[in-house]
Amino acid sequence: MNELPQQLVNGLLLGSMYGLVAIGYTMVYGIVQLINFAHGEIFMLGGFGAITVYLYVLPDGTTLWVALPLMLIGGIIVAVLAAVGAERLAYRPLRTAPRLAPLITAIGLSLALQQAVWAWYPDAKESVNFPQIKGGPFEIGNVTIQTGDIFLLVAAPISMAVLAYFVMKTRTGRGMQATAQDPDTAKLMGINTDRIIVVAFALGAAFAAVGAVAYGLKYGQVQFRMGFILGLKAFTAAVLGGIGNIYGAMLGGVVLGLAEALSTAYIAEIPGMEQFGSQSWANVWAFVLLILVLLFRPQGLLGERVADRA
């Protein structure tokens, strides 16, 4: 029980990162009913965009406190350009095609983006070191917060607050809600649905890039395969919270992160269950949680927000 506060904080931090990436899945699905399985690679591109700025754009010796905002901007630009390009060149021509076609396209795009990054960064097969914030860790009672998690602690709530304001208070945000509810009627009301869809892809990519920078600061590295498993977990978080529900995406991420942290911490303490509490089993428990939610509450924790367009 003495470890419980620490594990709760670990789960909250991990879940916040999942939630930032899950927002992209749920926004795109809510508007165009597309499962963008390439979104994990958009997350990965955000991380490599940030490290590219640090290695090749900024002068040597630039302090991380100065470099970090520029790295974040660079990561967001790269991720947004990739996501908007994918929507324009890969998904838009298939918008009226059977749903299997864009799904297969997303999987192919995912593999293509992985190989493109590997070709640009041959050393990415192993990993590329990410700059770290010096100092720390910081002790708050029985809880230890690593220095690399400070960015996530600040960025996650700010990102959610900005997104909530954008969706609820701006004209474009209301247009997104209308398009998600009924795109045909939204067109008749004068809403440019193509523009709204591009905005959804761009916003999801921007939040994924924030999550990628947080990942690099937390783990000290990025690699070209890092978007695969994390993308699957983020999609799991989106389903847990309720696909199409942006608040559900963050809630699902937090629930998933807590489940992983608590399972790896406490299952290993059960006699004979030590192997099931290893980090490699954390992925298994994440998908076990998904199966349980789908069995007992298939609409997700907060419910789906997707119109029936059958």
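Residues numbered from 1 in each chain as written. Predicted model: local features only at pLDDT ≥ 70, side-chain atom pairs only at ≥ 80, totals over all residues. Heavy atoms only, no water.

### Digging into the overall build of the protein chain
Argument step 1. When helices and strands are tallied, the protein chain shows 11 helices and four strands.
Argument step 2. Taking 310 residues into account, the globule formula puts the C-alpha radius of gyration at 19 Å, and the protein chain, at 19 Å, falls close to it.
Argument step 3. By principal-axis analysis of the C-alpha atoms, the protein chain measures approximately 60 × 55 × 35 Å.
Argument step 4. In the protein chain, buried positions account for 50% of the 310 residues.
Argument step 5. Taking all contacts inside the protein chain whose residues are at least 6 apart in sequence as the whole, residues at least 24 apart take part in 76%. (Helix = DSSP H or I, 4+ residues; strand = E, 2+ residues; numbered from the N terminus. Rg over C-alpha atoms; globule rule 2.2 N^0.38 Å. Buried < 20%, exposed > 50% of the residue type's maximum accessible area, 1.4 Å probe, protein only. Contact = heavy atoms within 4.5 Å.)

### What to know about the packing of aromatic side chains
Argument step 1. Counted under the stated rule, the structure contains seven aromatic pairs.
Argument step 2. When the centroid spacing of 5.5 Å and the interplanar angle of 65 degrees are considered together, the rings of Phe 37 and Phe 235 count as edge-to-face. Of this pair, Phe 37 sits in the loop between helix H1 (4-32) and helix H2 (39-57) while Phe 235 sits in helix H9 (residues 226-241), placing them 198 residues apart in sequence.
Argument step 3. Within the aromatic cluster, the residues linked to one another by ring pairs are Tyr 25, Phe 37 and Phe 235.
Argument step 4. Seen from the ring of Tyr 219, Lys 218 lies directly overhead, with NZ or CZ sitting 5.8 Å from the centre. (Phe/Tyr/Trp six-rings, centres within 6.5 Å; stacked < 30°, edge-to-face > 60°. Lys NZ or Arg CZ within 6 Å of the ring centre and 35° of its normal.)

### Focus on the pattern of salt bridges
Argument step 1. Going through the model one piece at a time under the given rule, you end up with five salt bridges.
Argument step 2. Put simply, Glu 87 and Arg 92 hold a salt bridge, and the shortest N to O gap is 3.1 Å.
Argument step 3. Between Lys 218 and Asp 149 there is a salt bridge, and its shortest N-O distance comes to 3.1 Å. Pair noted here: Lys 218 is in helix H8 (residues 193-219) and Asp 149 is in the loop between strand S3 (143-145) and helix H5 (150-169), with a separation of 69 residues, a long-range link. (Salt bridge = Lys/Arg side-chain N within 4 Å of Asp/Glu carboxyl O.)

### Things to note about helix H6 (residues 171-181)
Argument step 1. Within H6, the full set of buried residues consists of Thr 172, Gly 173, Gly 175, Met 176, Thr 179 and Ala 180. For H6, the arc enclosing every buried residue in end-on projection is 155 degrees, short of the 170-degree limit, so these residues lie on one face. Within H6, the exposed residues directed more than 90 degrees away from the buried face are Arg 171 and Gln 181.
Argument step 2. Buried-residue contacts for H6 involve H1, H5, helix H7 (183-188) and H8. (Arc of directions from axis to C-beta.)

### Some remarks on the environment of Thr 52
Argument step 1. Position of Thr 52 relative to the elements: it lies in helix H2.
Argument step 2. When residues no more than four places from it in sequence are discounted, the contact partners of Thr 52 are Val 57 and Tyr 121.
Argument step 3. At a separation of 2.8 Å, a polar atom in the side chain of Thr 52 contacts the side chain of Tyr 121. (Polar contact = N/O pair within 3.5 Å; in protein donor to acceptor, adjacent residues only side chain to side chain.)

### Here's the deal with the packing of helix H10 (residues 246-266) against helix H11 (residues 282-296)
A packed helix pair is summarised by two numbers, namely the angle formed by the two axes and the spacing between the axes.
Argument step 1. Where H10 contacts H11, the axes come no closer than 9 Å and their chain directions differ by 130 degrees. Our classification of the angle between H10 and H11 gives oblique. For the pair H10 and H11, the sense of crossing is right-handed. Contacts between H10 and H11 involve Val 255, Leu 256, Ala 259, Glu 260, Ser 263 and Thr 264 from the former and Ala 282, Trp 285, Ala 286 and Leu 289 from the latter.
Argument step 2. Each residue belonging to the contact of H10 with H11 can be placed in one class, and the counts come to seven nonpolar, two polar and one charged. (Axes fitted to C-alpha atoms, helices over the stretch in contact; angles between N-to-C directions. Parallel < 35°, antiparallel > 145°, perpendicular 65-115°, else oblique. Left-handed = near helix turned anticlockwise from the far one by under 90°. Nonpolar A, V, L, I, M, F, W, Y, C, P; charged D, E, K, R; others polar.)

### Digging into the nonpolar core
Argument step 1. Tyr 91 and Phe 151 are the most contacted members of the largest nonpolar core, which totals 87 residues.
Argument step 2. The element that contributes the greatest number of residues to this core is H8, accounting for 16 residues.
Argument step 3. Setting aside chain neighbours within four positions, we find Phe 151 in contact with Leu 68, Leu 72, Val 210, Val 213, Ala 214 and Leu 217. (Core = buried A, V, L, I, M, F, W, Y, C linked by side-chain atoms within 4.5 Å.)

### Digging into a positive patch on the surface
Argument step 1. The grouping of Lys 169, Arg 171, Arg 174 and Arg 195 at the surface amounts to a positive patch.
Argument step 2. Position of Arg 195 among the secondary structure elements: in helix H8.
Argument step 3. Overall, the relative accessible area of 45% leaves Arg 195 in the partly exposed class. (Patch = residues over 30% accessible without salt bridge, like charges linked within 9 Å, V, L, I, M, F, W, Y side chains within 5 Å. Areas by Shrake-Rupley, 256 points an atom, 1.4 Å probe, with all protein chains shown as cover. Lys, Arg positive; Asp, Glu negative; His and termini not counted. Charge placed at Lys NZ, Arg CZ, Asp CG, Glu CD.)

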